[in-house]
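Descriptive analysis of the structure
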Amino acid sequence: MDLDTVRTFVAVAEAGQFQEAAADLAVTQQAVSKRIATLERTLGVRLFTRAPRGAELTIDGQAFLPHARELLRVAERAVTSVRTGRRPLRVDVIASRGAATGLMRGFHRAHPEIDLDVVMVFDIETAVAAIRSGTIDASFRAVAAPGRPLPEDIESVRVLDEPLQLLTGPAHALAGARSVTVAQLARHRIWMPGIVPGTEWAAYYDDLVAEFGLTIEATGPNFGSDALLDTVADTPALATFMGEQTRLVWPAGHGLRRIPVTDPTPVYPHSLLWHRDNPHIALATLRAHLAATTAGQGAAGTWAPSWVIRGERRRVR
């Protein structure tokens, strides 16, 4: 059904005259008559009868009028939902408890007038495809794995270097330490069942292992953070890595310890990715907010993989 004919029908019904409706719509009276005739053929009923005072709705016209108005309202809402600056800004944060979520919460506090849709996409290939298709506006990522640069139409900026911390149970050999060096960790088992081969975080931890001779195990099913915390709390021989800004809550009886890692401090490099032609006004506001509120990328005494330091662009299949 042509919305122009529906819009013309509503205009005539409200004006009560074809001529006045034509003036309101900035078209000729002949165009109004043709549109009404087209709509009547589509519906198979008469919508108006001619009267001395203009056009009067038939019984069928009266029945159709509220539905016609609703059609126009739905159409307007549909247009508004995708109009630049009117629809919510859609941003991928990977995980609900991670640093990216904290950055978006800070952005929301600073700009409560901006509507947000926060989503979680698992892998970078899917995230980049969603950015290119317009399904999402931006994504927080570690850029990608070595040798796979981003497509030329995807822009990125490094926004946060998040220090890693060692998480241990109360009986772990390092549980009483105020900080630990990377060299000290080489003699301990670090369990991270959430590492998935082929992901950008797997590439990050592969480089960490190669650089410092660590032992990181990704064995067993990943039952989520609660199961990970339970196991680390009960197993003196296991520890795990957590981002400094990762928000976790565990039972008081677990006695878990979060211990800073130093000499150097491994940092997880969070970048914001977006399409270079994305016109959403709020995207520029988000980028400006992140530039103003995050700092310290590449700070002295920290470590990140060489492909991050070089700023190499990655290719996503």
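Okay, so let's go over this structure.

How each quantity is defined
The residue count restarts for each chain, going from 1 along the sequence in the order it is written. In keeping with the predicted nature of the model, local features appear solely for residues at pLDDT of at least 70, side-chain atom pairs appear and are counted solely at 80 or more, and the whole-chain, interface and lining totals rest on all residues. Remark: hydrogens and water are excluded; side-chain values derive from all non-hydrogen atoms of the structure. Secondary structure elements are defined from DSSP: runs of H or I of at least 4 residues count as helices, runs of E of at least 2 residues count as strands, and each element is numbered from the N terminus. As defined in this context, the radius of gyration uses C-alpha atoms, and a globule is described by 2.2 Å times the residue total to the power 0.38. Type-normalised accessible area, obtained with a 1.4 Å probe on protein chains alone, sets the label of each residue: buried when under 20%, exposed when over 50%, and partly exposed for intermediate values. By the convention used here, residues are in contact when the closest approach between their heavy atoms is within 4.5 Å. Two strands form a pair only when DSSP identifies at least two bridges running between them.

**Some words on the overall build of the protein**
- Summing up its helical and strand segments, the protein has 11 helices and 13 strands in all.
- In terms of overall size, the protein is more extended than a compact globule, its C-alpha atoms giving a radius of gyration of 29 Å where 317 residues would be expected to give roughly 20 Å.
- Taken along the three principal axes of its C-alpha coordinates, the protein extends 95 × 45 × 35 Å.
- Burial analysis of the protein (317 residues in total) assigns 44% to the buried set.
- Residue pairs in contact within the protein that sit at least 24 positions apart in sequence constitute 75% of those at least 6 positions apart.

**Let's talk about unusual backbone geometry**
- At the junction of Asp263 and Pro264, the peptide bond is cis and its omega measures out at -10° in the coordinates.
- By secondary structure assignment, the location of Pro264 is in the loop between β11 (257–262) and β12 (265–275).
- The phi torsion at Asp263 lies on the positive side, around 55°, for a residue other than glycine.
- Along the polypeptide, Asp263 turns up in the loop between β11 and β12.
- Relative accessible area serves as the criterion here: at 61%, Asp263 is assigned to the exposed category.

**Notes on the pairing of strand β10 (residues 238–243)**
- Buried residues dominate β10, accounting for six of its six residues.
- Along β10, one buried face is formed by Leu238, Thr240 and Met242 and the opposite face, lined by Ala239, Phe241 and Gly243, is buried too.
- By the bridge criterion, two bridges tie strand β8 (residues 189–191) to β10 in an arrangement that is parallel. Within the sheet, the bridge partner assigned to Ile190 lies in β10 and is Ala239.

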